[in-house]
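Chains, contacts and geometry: an overview
What follows is the residue order along each chain.
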Amino acid sequence: MTRHFGVLIPSTNTTVEIECRLLPVSYQAHIDCQVQLLGTAKVELVILAQTSASLFADDYDEMVTRRMSAGARVPAITSAQAVGRAVRALGARRIAVVSPYSEAVNERTARYFQSKHGLETVALEGFGATDSYAIGQLGPENAREAFARIDRPEIEVFVVPGGNFPTMTSIAAWEQEFNKPVITTNQASFWAMLRAFNTGDRLPTFGRLLADVPAG
């Protein structure tokens, strides 16, 4: 049985569609910039894959998921919500944020995860990107080098926000090297989809979160 979910992305995102293709063929992503069009595809869930959008207004998640649900007539979630809930599902509270964002946006990221999900950010590292399109051209070595610089015992999970930052095929290797879970925007979005569909499927190639698909 094929399950369908919708993904809303900004026009500058060149990564989400590629990483959706890594999913088994039984999960079909419908990618668009208009939620009403996703509704016509009879999707069962809509995900907004733009983590940074949630950082600039306290009520953004609640407001936009209501609008998405009304437009597509199905449940909706933001990728920022998915990341925060995924960390909690792994039983963690102390995170390190490694992102393509600027220092100012990283600080907003830490405040968001603290206020919305009760997570303590014990380390922050950003690549200072100001061009959204350029984030899609960054290599995974940027994250790996950042992990090596900031790793410390109190970090329970590395969080890598940014739906346009390619990460999926690197997560398992990062976890093996640093012996910590790694949660990324698109990975967490796929976890939210698997939890919503409750099919029992596991995707161990893409890290502990998708190998275990814990409830949360």
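Keep in mind that this is a model prediction, so the values were computed, not measured. (Residues numbered from 1 in each chain as written. Predicted model: local features only at pLDDT ≥ 70, side-chain atom pairs only at ≥ 80, totals over all residues. Heavy atoms only, no water.)

**Side note on the environment of Gln 81**
Looking at the element boundaries, Gln 81 is found in helix H4 (residues 79-89). Residue classification places Gln 81 among the buried positions, given a relative accessible area of 9%. Spatially, the C-alpha atoms of Gln 81 and Ile 47 are 9.9 Å apart, while their sequence positions differ by 34 residues. Excluding residues within four positions of it along the chain, Gln 81 makes contact with Asp 61, Thr 65, Tyr 112 and His 117. Only 3.0 Å separates the side chain of Gln 81 from the backbone nitrogen of Thr 78, close enough to count as a polar contact. (Helix = DSSP H or I, 4+ residues; strand = E, 2+ residues; numbered from the N terminus. Buried < 20%, exposed > 50% of the residue type's maximum accessible area, 1.4 Å probe, protein only. Contact = heavy atoms within 4.5 Å. Polar contact = N/O pair within 3.5 Å; in protein donor to acceptor, adjacent residues only side chain to side chain.)

**Topic: empty space enclosed by the protein**
Evaluated as defined, the whole model comprises 1 cavity of 30 Å³ or more. By volume, the largest cavity is sized at about 50 Å³. Forming the walls of the largest cavity are Phe 5, Val 7, Val 16, Cys 20, Ile 47, Ala 49, Asn 186, Ser 189 and Phe 190. Every element with two or more residues in the lining of the largest cavity is listed here: strand S1 (3-8), helix H1 (16-20) and helix H9 (185-197). With 3 residues, H9 is the single largest residue contributor to the lining of the largest cavity. Each residue belonging to the lining of the largest cavity can be placed in one class, and the counts come to 7 nonpolar, 2 polar and no charged. (1 Å grid on protein atoms, 1.4 Å probe; cavity = no way out; pocket = protein on both sides within 12 Å on 5 of 7 lines; lining within 4 Å. Points joined across faces, edges and corners; volume = space filled by probe spheres on them. Nonpolar A, V, L, I, M, F, W, Y, C, P; charged D, E, K, R; others polar.)

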